[in-house]
Structure formats: structure tokens, C-alpha cells
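Architecture at a glance
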Amino acid sequence: MKKTILKGVLPAVSVGVFCGALIFSAIRLSFSHDKIRKVMYFPSFDTKSLCTEVRNVPRVNGKSTVESFLDELLLGATSYRYKNLFSSGTKVEFSFIRDRILYVGLSSEALAFHNDVVPLEEGVELLKKNVFKNFRGIDEVKVFAGDNVF
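Residues numbered from 1 in each chain as written. Predicted model: local features only at pLDDT ≥ 70, side-chain atom pairs only at ≥ 80, totals over all residues. Heavy atoms only, no water.

A word on the side chain of Ser107. When you line up the elements, Ser107 lands in the loop between strand E4 (101–106) and helix H3 (120–134). Note on Ser107: relative accessible area 5%, which makes it buried. A distance of 2.9 Å separates a polar side-chain atom of Ser107 from the backbone nitrogen of Lys91. Once you skip the residues sitting within four places of it in the chain, Ser107 turns out to touch Gly89, Thr90, Lys91 and Glu93. (Helix = DSSP H or I, 4+ residues; strand = E, 2+ residues; numbered from the N terminus. Buried < 20%, exposed > 50% of the residue type's maximum accessible area, 1.4 Å probe, protein only. Polar contact = N/O pair within 3.5 Å; in protein donor to acceptor, adjacent residues only side chain to side chain. Contact = heavy atoms within 4.5 Å.)

Over the atoms rolls a probe the size of a water molecule, and in doing so it shows where empty space is left. Volume-wise, the largest pocket comes out at about 170 Å³. Along the walls of the largest pocket sit Pro43, Ser44, Phe45, Asp46, Thr47, Lys48, Leu50, Lys83, Val118, Pro119, Glu122 and Leu126, which together make up its complete lining. Each residue belonging to the lining of the largest pocket can be placed in one class, and the counts come to 6 nonpolar, 2 polar and 4 charged. (1 Å grid on protein atoms, 1.4 Å probe; cavity = no way out; pocket = protein on both sides within 12 Å on 5 of 7 lines; lining within 4 Å. Points joined across faces, edges and corners; volume = space filled by probe spheres on them. Nonpolar A, V, L, I, M, F, W, Y, C, P; charged D, E, K, R; others polar.)

You will see that Asp99, though not glycine, has its phi angle at about 50°, which is positive. Relative to the assigned elements, Asp99 resides in the loop between strand E3 (92–98) and E4. Judged by its relative accessible area of 75%, Asp99 is exposed.

Let us now look at the sheet that holds strand E6 (residues 148–149). With mixed pairing, 4 strands are arranged side by side in an open sheet as E3-E4-E5-E6. This sheet does not close on itself; its edge strands, each paired only once, are E3 and E6. Where strand E5 (residues 140–145) lies against E6, 2 bridges are found, and the strand directions are antiparallel. If you follow Phe144 over to E6, its bridge partner there is Val149. The strands that helix H2 (residues 65–75) touches are E3 and E4; relative to E3, the one it contacts most, it runs at about 140°. Lying over the sheet, H3 contacts E4, E5 and E6, oriented at roughly 145° with respect to E5. (Pairing = 2+ DSSP bridges. Axes fitted to C-alpha atoms, helices over the stretch in contact; angles between N-to-C directions.)

Below, the discussion takes up the side chain of Asn130. Within the secondary structure, Asn130 sits in helix H3. For Asn130, a relative accessible area of 0% translates into the label buried. Among all residues touching Asn130, those that are not within four sequence positions of it are Val39, Met40, Tyr41, Phe69, Leu73 and Leu85.

With 15 residues, H3 ought to run about 21 Å at 1.5 Å a step, and its terminal C-alpha atoms sit 21 Å apart, in line with that. Every buried residue belonging to H3 is among Leu120, Gly123, Val124, Leu126, Leu127, Lys128, Asn130, Val131 and Asn134, and all of these are buried. Contacts from the buried residues of H3 go to strand E1 (35–43), strand E2 (50–58), H2, E4, E5 and E6. (Expected span 1.5 Å × (residues − 1).)

Turning our attention to the nonpolar core. General note: in soluble globular proteins, nonpolar side chains tend to be found buried as a group. Counting residues in each nonpolar core, the largest one holds 25 residues, and the members touching the most others are Phe69, Phe86, Leu106, Leu127 and Val131. Those elements that provide at least two residues to this core are E1, H2, E4, H3 and E5. Look past the residues within four positions of Phe86 in its chain and what remains in contact with it is Leu74, Leu106, Ala110, Val117, Leu120, Gly123, Val124 and Leu127. (Core = buried A, V, L, I, M, F, W, Y, C linked by side-chain atoms within 4.5 Å.)

Another point: the packing of aromatic side chains. For the coordinates displayed, the defined rule picks out 5 aromatic pairs. Of note, Lys38 hangs over the ring of Phe135, and the distance from its end group to the ring centre comes to 4.3 Å. Across the ring face of Tyr41, the terminal group of Lys129 is positioned such that the distance to the ring centre comes to 5.3 Å. (Phe/Tyr/Trp six-rings, centres within 6.5 Å; stacked < 30°, edge-to-face > 60°. Lys NZ or Arg CZ within 6 Å of the ring centre and 35° of its normal.)

Set out below in C-alpha cells:
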């Protein structure tokens, strides 16, 4: 008799736990709007190839998704085997979108060159690639660094 009760209860409990976990996951996913999943591309120290890094970019009040993404991108790669796009300390001074064109102004630290970063022109091209891959509504990116326009 005990085996018969266990045979009936065990599947019911298993289904209940599974359904509960499924409902909890769906609710958590639908209400977690504080981060956005984005893919970032960085050059490798070891090879000439680009490496990808998936990062959850936090939503910040008062900032657009693009601004938050650019801030994360300028922080650099999390792996020590990837090069940064710009020198440490580079910040976004301004960014806005007009007529599907993103305008980005970088601080003067972007002009400094170190061994752990790519040349400025290559860094700008990779910034553009990162933006185009993550934001479909942008057709062109204009980057300003010092007196240079890219």
C-alpha cells in the first residue's frame, strides 16, 4: 500500500516543483528590466582576431541604452587577454542620436596610445562595429575625439 501512495505522490510533487520553477522563472524574466544583454567585440592580444564578450549592461535612470552601452564598452574587456579600444580613463563626454546618426564625443584620454590598446582609428572602427551590431536603428556613427572627427 505504501508503494502505491508513493507512486502517485512522487510524480505529482515532481510536476508541481517543475511548474513552480517554470512560473518563477517566467515572472523573474518578465520583471527584470534593469539590465540589457549586449555583445561586445574586442581585439585579442594573442591573435589578429576579434573576440566576443557578452555583458549585461545596466539600465541607468537618465541615460539612454546607447549611453549605458558606450560607458560599458569604454571600461574595456573583462579578460586580460583582450585589448581595450581606448586608453584607460576615456569617457563619453556627449552622445545623442539625430536622423539615425549617433554622435559620440570622447574625452581627450582617447588620444593617448599605450601598448594595451589598439591605435585610435582602429578603436573608433571597433566602437562603430559594436554599435552597429547591438543597435539596429543606427545607420551611421560619428566619433569626435579632440579635434578629430571619425
